[in-house]
Structure formats: C-alpha cells, structure tokens
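Read off the chains here:
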Amino acid sequence: MGQRVSRTDFEWVYDDQPHTWRRQEMVKKYPQIKKLFGPDPRFKYIVSAMVLTQIVMLYVMQNQSWGMIVLVAYCFGGVINHSLMLANHEISHNMAFGYARPLANRYFGMWCNLPIGVPMSVSFKKYHNLHHRHLADDDLDPDVPTLLEAKLFCTTFGKFIWVCLQPFFYGIRPLFVNPLPVTRLELINTAVQLTFNALVVLIFGWRMMAYLLIGSVLAMGLHPVA
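What you see is a predicted model; the values in this text were computed from it and never measured.

Novice: Looking at this model, I keep getting lost on the overall build of the protein chain. Mind explaining?
Specialist: Across its full length, the protein chain carries 10 helices and 0 strands. Starting at the N terminus, the α and β elements of the protein chain follow one another as α-α-α-α-α-α-α-α-α-α. Counting only residues that meet the buried cut, the protein chain has 36% of its 226 residues in that class. Sequence separation of 24 or more characterises 75% of the internal contacts of the protein chain that already satisfy a separation of 6 or more. When the accessible surface of the protein chain is summed, it comes to about 13,700 Å², and 67% of that surface belongs to carbon and sulfur atoms.

In structure tokens:
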C-alpha cells in the first residue's frame, strides 16, 4: 500500500484541444447525432422528480439509526445526489431551458442544488467555463489536480485517501488555482440553499441534514457512480 509512483512530474501531451476535434469526428462519422443536440424536454421533469424523491426520503428516514442513514445515503441518496450534480453540469451548459433563457437555467440549477446540501450550482458554472476555456492548463483549469496534490498523494494508500476526499479537493481547488469574484447569483444560490437547509433541520432534524450531506460526500468519493 505504500508503493510510490516512479514519475516525478505530470505526463505532458501537446495535442490540440480534445473537445473540439472529438466533436468534429463524432459528427462526421455519425451525422444523425445532430438531431439530439439541444435541451431534452424531459430533463427538467426528471431532475425535479429526483429532488422531490430526496425530500420524501427526509420524511422516510427521519427516525432511522445512524448506521441505516449512512447505508441509505451511500446506496440510494448519494446516487441521486450524484445524478443531481451531473444534472448541474448539463444546466451549466443551459440544457434545461436552452441558451435563450440563461437566467431560467441558473434558477433551475438552484432547485436542482437543494438536496446536495452545499451551494454549488452557480459557482460550478463559473469555474466549469474556465475548464473548457483552459482545458488541461494546470495554471488555469480548476479540474486539473495541483502539483501539491500529486506530490502528497503519490502512493497507493495516498491515492486511496485522495479519492475519498475528492469532493473537498474539487470544491476547494478553484479558490487556489484561479479564484474569481463572487457574483450576485452566487449569493442568491447561497441564500436559497441555506434557507432550505434550515427548513430541513427545523422540520426533520439535524440527522436528515446529515443524510443529504453524507450522500453528497460519499457519492463523489469512493463510490461506483463516481
């Protein structure tokens, strides 16, 4: 478990930006996929169903033991929350209401954000744009692990710990790699999320708030869906 990797630096490649040429190759080989471009009209209903399912689970799980809460958060609630995180990725690309209604996408992202427990929808879009604009640039792309992470977690056990803590690294890394000013929509996202969290605690108790947060953390770490 203590075996250390032999590399002393990242592996560098100098190919063109893969998002562009990969899209071009796919469209050239399978032109019929262009019919699938754009928002899926069912998307917002499926996402809303997942949000409501998690709210119902707060009622179902409120009298369960801590062991059962963690088990269900890992096997069920975390899977839904991970799906909601992926939905937020699609929403960041305006796939809920289309490019003509950017603000509707942002507010729908806040609704999608609720069961995750941490205000991230608006901030994710802001920093995810950097990822697309500066893909694989270790000084600007917040999705690329920092050199410090690579140095600290370079053993088998270290990588295991890194995977377990992945949600924390993913959430904190942008603030060190390329911090951006806080926007008005981020403040609204935070206010909406904290209000929802307070209502969860008030109505269902702290353990149900923990159920949501545990599911989010576990599903982004050492979990099959991650």
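Novice: Looking at this structure, I do not really get the layout of surface pockets. What am I missing?
Specialist: The method is simple in principle: a probe with the dimensions of a water molecule rolls over the atoms, and the space it marks as empty is what remains. Its boundaries defined by the atoms lining it, the largest pocket holds a volume of some 1,100 Å³. Lining the largest pocket we find 36 residues, and of these Met-120, Pro-167, Tyr-170, Gly-171 and Met-220 sit closest to its centre. Counting only elements with at least two residues in the lining of the largest pocket, the list comes to helix H3 (66-92), helix H5 (121-133), helix H8 (166-177), helix H9 (184-204) and helix H10 (206-220). Ranked by residue count, the leading element in the lining of the largest pocket is H8, at 8 residues.

Novice: Help me out: how do you make sense of the packing of helix H2 (residues 43-61) against H10 in this one?
Specialist: Between two packed helices, both the angle of their axes relative to each other and the distance between the axes serve to describe the pair. The interhelical angle for the contact between H2 and H10, taken along N-to-C directions, is 135°, at an axis separation of 10 Å. When the axis of H2 is compared with that of H10, the two are oblique. As H2 runs across H10, the sense of the crossing is right-handed. Between H2, through Gln-54, Met-57, Leu-58 and Met-61, and H10, the contact on the second element is made entirely by Met-208, Tyr-211 and Leu-212. For the contact of H2 with H10, the class distribution of residues is 6 nonpolar, 1 polar and no charged.

Novice: Help me out: how do you make sense of the nonpolar core in this one?
Specialist: The tendency in soluble globular proteins is for nonpolar side chains to be buried side by side. Grouped together as the largest cluster of nonpolar side chains are 15 residues, with contacts concentrated most on Phe-43, Val-47, Leu-84, Ile-91, Phe-108 and Cys-112. Of all the elements in the fold, those that place two or more residues in this core are H2, H3 and helix H4 (102-113). Counting residues in each nonpolar core, the second largest holds 14 residues, with Met-57, Ile-69, Val-201 and Met-208 among its members.

Novice: It is not clear to me how the side chain of Gln-193 should be interpreted in this structure. Could you clarify?
Specialist: By the element assignment, Gln-193 lies in helix H9. Sequence-distant contacts of Gln-193, that is, excluding residues within four places in its chain, are made with Asn-113, Leu-114, Gly-117, Val-118 and Pro-119.

Novice: So what exactly am I meant to see when it comes to a nonpolar patch on the surface here?
Specialist: Together, Leu-165, Phe-168, Ile-172, Leu-175 and Phe-176 give the surface a local cluster of nonpolar side chains, amounting to about 520 Å² of exposed area. By the secondary structure assignment, Leu-165 is in the loop between helix H7 (156-164) and H8. Classification of Leu-165 as partly exposed rests on a relative accessible area of 33%.

Novice: Where do I start with the pattern of salt bridges in this structure?
Specialist: Side chains that carry opposite charge are capable of pairing whenever their charged atoms lie near each other. Taken as a whole and judged by the stated rule, the model has 2 salt bridges. Arg-42 is the partner of Asp-40 in a salt bridge, and the nearest nitrogen-oxygen pair spans 3.2 Å. Salt-bridge contacts for Lys-126 lead to Glu-186; the nearest nitrogen and oxygen are separated by 2.7 Å. With Lys-126 in helix H5 and Glu-186 in helix H9, this residue pair connects regions lying 60 residues apart in the sequence. Just as Lys-126 is buried, Glu-186 falls in that class too.

Novice: What is the right way to read the packing of H9 against H10 from this model?
Specialist: Where H9 contacts H10, the two axes come as close as 6 Å, and the packing angle between them is 135°. Between H9 and H10, the interaxial angle falls into the category oblique. On the side of H9, the interface is formed by Phe-196, Asn-197, Val-200, Val-201 and Phe-204, while H10 contributes Trp-206, Met-208, Met-209 and Leu-212.

Novice: Even after reading the chapter, I still don't get empty space enclosed by the protein, so can you show me in this structure?
Specialist: Taken as a whole and assessed by the stated rule, the structure comprises 1 cavity of 30 Å³ or more. Estimated volume of the largest cavity: approximately 40 Å³. As for the largest cavity, its lining consists of Asn-88, Ile-91, Ser-92, Arg-106, Ser-121 and Val-122. Those elements that provide at least two residues to the lining of the largest cavity are H3 and H5. Broken down by element, the residue count for the lining of the largest cavity peaks at 3 residues, all from H3.

Novice: For this particular structure, what's the right way to read the UniProt feature "transmembrane region" (unreviewed entry) in the protein chain?
Specialist: The UniProt record annotates "transmembrane region" (unreviewed entry) at residues 66-87 and 194-214. Strand forms 0% of residues 66-87 and helix 100%; the C-alpha atoms that close the span are 28 Å apart. Within the segment residues 194-214, helix and strand shares are 95% and 0% respectively, and the terminal C-alpha atoms sit 17 Å apart.

What counts and how
- Residues numbered from 1 in each chain as written.
- Predicted model: local features only at pLDDT ≥ 70, side-chain atom pairs only at ≥ 80, totals over all residues.
- Heavy atoms only, no water.
- Helix = DSSP H or I, 4+ residues; strand = E, 2+ residues; numbered from the N terminus.
- Buried < 20%, exposed > 50% of the residue type's maximum accessible area, 1.4 Å probe, protein only.
- Contact = heavy atoms within 4.5 Å.
- Areas by Shrake-Rupley, 256 points an atom, 1.4 Å probe, with all protein chains shown as cover.
- 1 Å grid on protein atoms, 1.4 Å probe; cavity = no way out; pocket = protein on both sides within 12 Å on 5 of 7 lines; lining within 4 Å.
- Points joined across faces, edges and corners; volume = space filled by probe spheres on them.
- Axes fitted to C-alpha atoms, helices over the stretch in contact; angles between N-to-C directions.
- Parallel < 35°, antiparallel > 145°, perpendicular 65-115°, else oblique.
- Left-handed = near helix turned anticlockwise from the far one by under 90°.
- Nonpolar A, V, L, I, M, F, W, Y, C, P; charged D, E, K, R; others polar.
- Core = buried A, V, L, I, M, F, W, Y, C linked by side-chain atoms within 4.5 Å.
- Patch = residues over 30% accessible without salt bridge, like charges linked within 9 Å, V, L, I, M, F, W, Y side chains within 5 Å.
- Salt bridge = Lys/Arg side-chain N within 4 Å of Asp/Glu carboxyl O.
- UniProt positions renumbered as here; feature names shortened; annotations may be inferred.

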